[in-house]
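Chain by chain, the residues run as shown.
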Amino acid sequence: MKAFALLLCLALTRGIAGSIFRHDYYPEMDRMKAQPLDFDQLRGIHHRNHHKHHHHRSADSSESQEKYLDDMSQDRATFQEMTNWNTPLFAATVNQDESRPTYGDIVSWKGVQFAAGPNSPIKDQREIEKIFNEAYKTMRHFTEEEKKQFHSSYLAGEKMENEDMRLNSSQLLKKNNYNVEEHTVKTDDGYYLTLFRIVPKQSENARMEQNTNGRQVVFLAHGLMGSSDDWLLMGPQKSLAYMLADQGYDVWLGNNRGSRYARRHASKHEAQQDFWQYSNDEIALHDTPAMIDYALNTSEQRKLNYVGVSQGTTAIFALMASKPEYNGKIASVHAIAPMVYMTKVRSPLLRMIASNSPFYERLVEQLGSGEFKPSKELIHTVGGEMCENEIGCKAICSNVNFVMAGVGDLESDMAPVVMGHLPAGASTRQIRHYGQGVASHEFRKFDHGPEINQKVYGQAQPPKYKMSNVQAPVVLYSTKNDWMSHPDDVSRLRKELPNVRGHHLVTEEQFSNTDFLFSDKAPQAVYERLIKNIKQNQEMN
C-alpha cells in the first residue's frame, strides 16, 4: 500500500496521474466507428500537445500546480463551449497529433454511423448498405410506442429475477421434476465435455411411447455460443427436450468445448489462449463423435436420432462427410436452421468478419485469437446500434447472440432468462471459420493460410467437405427470415444431400434464428412436426 501511495505521489508531481489508471484512449476505441470524445480524452490531447510544444518546470512548486489546474479549467470550459450535445463530436475534428490515425467524414445509414475516409475500412455508404441492408429488411421493427412497451416488459421481467436466469441444466430439470444424469466424456484431444441425460417421467403416456419407441435415443446439439441450457429454458411442454422426454425418448443434451459445461482440458486452462485454438472442424471431428459414441454405449443402442441447431448442424454434416462410418450410427438427422453454406448470410457480424470484408483486418485485430468476447463497443458496431434503433432496448442489443442472429419473435419477459444463459462460450476461430464460408461460398475446413494449409492438409486451399458422403436420412427445418441460415443456402444444401426426407419451412412472418429455441410459437411451428418426423423415420426403417 505504501508503494502504491508513493507511486501515486510521484505521478501527481509529474502531472501524469491519469496515465497510470487509463491507457491511451485511442487503442481502446472501436476504430471502425465514428465516436464522440469525452472530456478526459480532450484533456489527454491537451497534455500530448502541451508536452510536445512546451518545456515544463518541475510540478513540485505551487505555481506550476496552480497553472496545471487553470489549464484544466480552461480545457473544460472550451470543451463545454464547443460541444453541441445533439450532435456527436468526432475524433477527426480534434485530433491534432499527426502520428494518430484520422478517419475523415461520417457516413450515416438508418441511424448507423461509421467513420469513412482514407484510413477507415468504409469508403462510402454503399459498403454499409451491403452489410446491413438484408438484416435490416428482415429484422423486427417497432413503432415508438411498441419500443416503450417492449422495454418496459423487459425491465419488469428482469426485476422479477426469474430463478431460471441462473439455474444450470441439472437444476432446471430437477426443478421441473425430471430425473437427470450428468456424464463426462473426454475427447481424444483432451477436452472434458459434460452431457446431461433426461430420464423420462413414468406416466402412462410415457410408458406406452417407451414400448413403441424401444427407448430410442435422441441427441440434442446446441447452437453457436450456446449450451445444453438452450433446450430447456422455455420449460415443460414448450422446450423440445421436455417434449421428447414426455414421449418416452432417451434424451441426451450435448455440450461442445468452450461452452459453460466444457471448460476443462487435460493440460490446458481456459485462461490461456491455446485452450481456444479450435474451429468448427475440431468440434465436428472430436467433440461430436465422442458424445455420440458415449451416448450409444451408455444407452446400449446402435443408432440415435440427432437434432442439431445452427452450429450443431455444421458439426454433424462435417462429421458424416469426413467419417462416413458415422452414417451407420445415425437413425435420422434433424437440421434446424442449418449453417453449412453461408454465401447469403444476413448477419452483419458474419458478413463483417468474412475474409473479403473491408472490416476483416480490424475485426481480427480487435477480437484476438482466444475466446470470442467482443467488447460492448464492438458489439455496437457489428449490429448493436441498428438493433437498438429498431428494438429500443439497449440491454438486449448489447447481447452478442441477439446482435449476431437477430431478436425475432422473442417475448420481452423471456429475454432476461435467455440472456442469463447466452452467450455460453465460443472461440474466435469458430466465428472466423463461418466468416470464411461467407467469403469462399463453400463448406470446407478452416483456412490457416496457404503455407500452413500445405502442412496441415497437403494443399494450399482447405479441402471441401464432401456432402455426397452424408447418407443418413435428413430432415431440414428453416425459415425465410433467418439471419444465419438463408433460404437459398438451405436450398443448395438440400440439393447436395443424397437422402433428404423432408424440408419443413416455418411460415411465421417474424420467425427467425433464435425463435427455433425461444419462441412460444416453436412447439407448434417446429417441435410437433419434428417429433412426428422421428416417428415416421422409425417406421420407414
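Scroll up a little and you will see the structure.
What this report covers is the structure whose coordinates are included nearby. (Residues numbered from 1 in each chain as written. Predicted model: local features only at pLDDT ≥ 70, side-chain atom pairs only at ≥ 80, totals over all residues. Heavy atoms only, no water.)

Focus on empty space enclosed by the protein
Right, on to step 1. Taken as a whole and assessed by the stated rule, the structure comprises 6 cavities of 30 Å³ or more.
Right, on to step 2. Empty space within the largest cavity amounts to approximately 170 Å³.
Right, on to step 3. Residue lining of the largest cavity: 17 residues in total, with Leu 224, Ser 310, Asn 401, Asn 513 and Thr 514 positioned closest to the centre.
Right, on to step 4. If you list the elements that add at least two residues to the lining of the largest cavity, you get helix H17 (400–405) and helix H22 (515–518).
Right, on to step 5. Residue composition of the lining of the largest cavity, grouped by class: 10 nonpolar, 6 polar and 1 charged.
Right, on to step 6. Here the second largest cavity defines a volume of roughly 140 Å³.
Right, on to step 7. Every residue lining the second largest cavity is counted, 18 residues in all, and those nearest its centre are Asn 280, Val 340, His 433, Phe 443 and Arg 444.
Right, on to step 8. The element best represented in the lining of the second largest cavity is helix H19 (residues 428–440), accounting for 5 residues.
Right, on to step 9. Of the residues in the lining of the second largest cavity, the class split is 8 nonpolar, 6 polar and 4 charged. (1 Å grid on protein atoms, 1.4 Å probe; cavity = no way out; pocket = protein on both sides within 12 Å on 5 of 7 lines; lining within 4 Å. Points joined across faces, edges and corners; volume = space filled by probe spheres on them. Helix = DSSP H or I, 4+ residues; strand = E, 2+ residues; numbered from the N terminus. Nonpolar A, V, L, I, M, F, W, Y, C, P; charged D, E, K, R; others polar.)

Some words on the environment of Lys 480
Right, on to step 1. Inspection of the secondary structure assignment puts Lys 480 in the loop between strand E10 (474–479) and helix H21 (487–496).
Right, on to step 2. Classification of Lys 480 as partly exposed rests on a relative accessible area of 36%.
Right, on to step 3. Put simply, Lys 480 and Val 506 are 26 residues apart on the chain and 7.6 Å apart in space, counted from C-alpha to C-alpha.
Right, on to step 4. Beyond its immediate sequence surroundings of up to four residues, Lys 480 is in contact with Arg 346, Pro 487, Leu 505, Val 506 and Glu 509.
Right, on to step 5. Of note is the side chain of Lys 480, whose polar atom sits 3.3 Å from the side chain of Glu 509. (Buried < 20%, exposed > 50% of the residue type's maximum accessible area, 1.4 Å probe, protein only. Contact = heavy atoms within 4.5 Å. Polar contact = N/O pair within 3.5 Å; in protein donor to acceptor, adjacent residues only side chain to side chain.)

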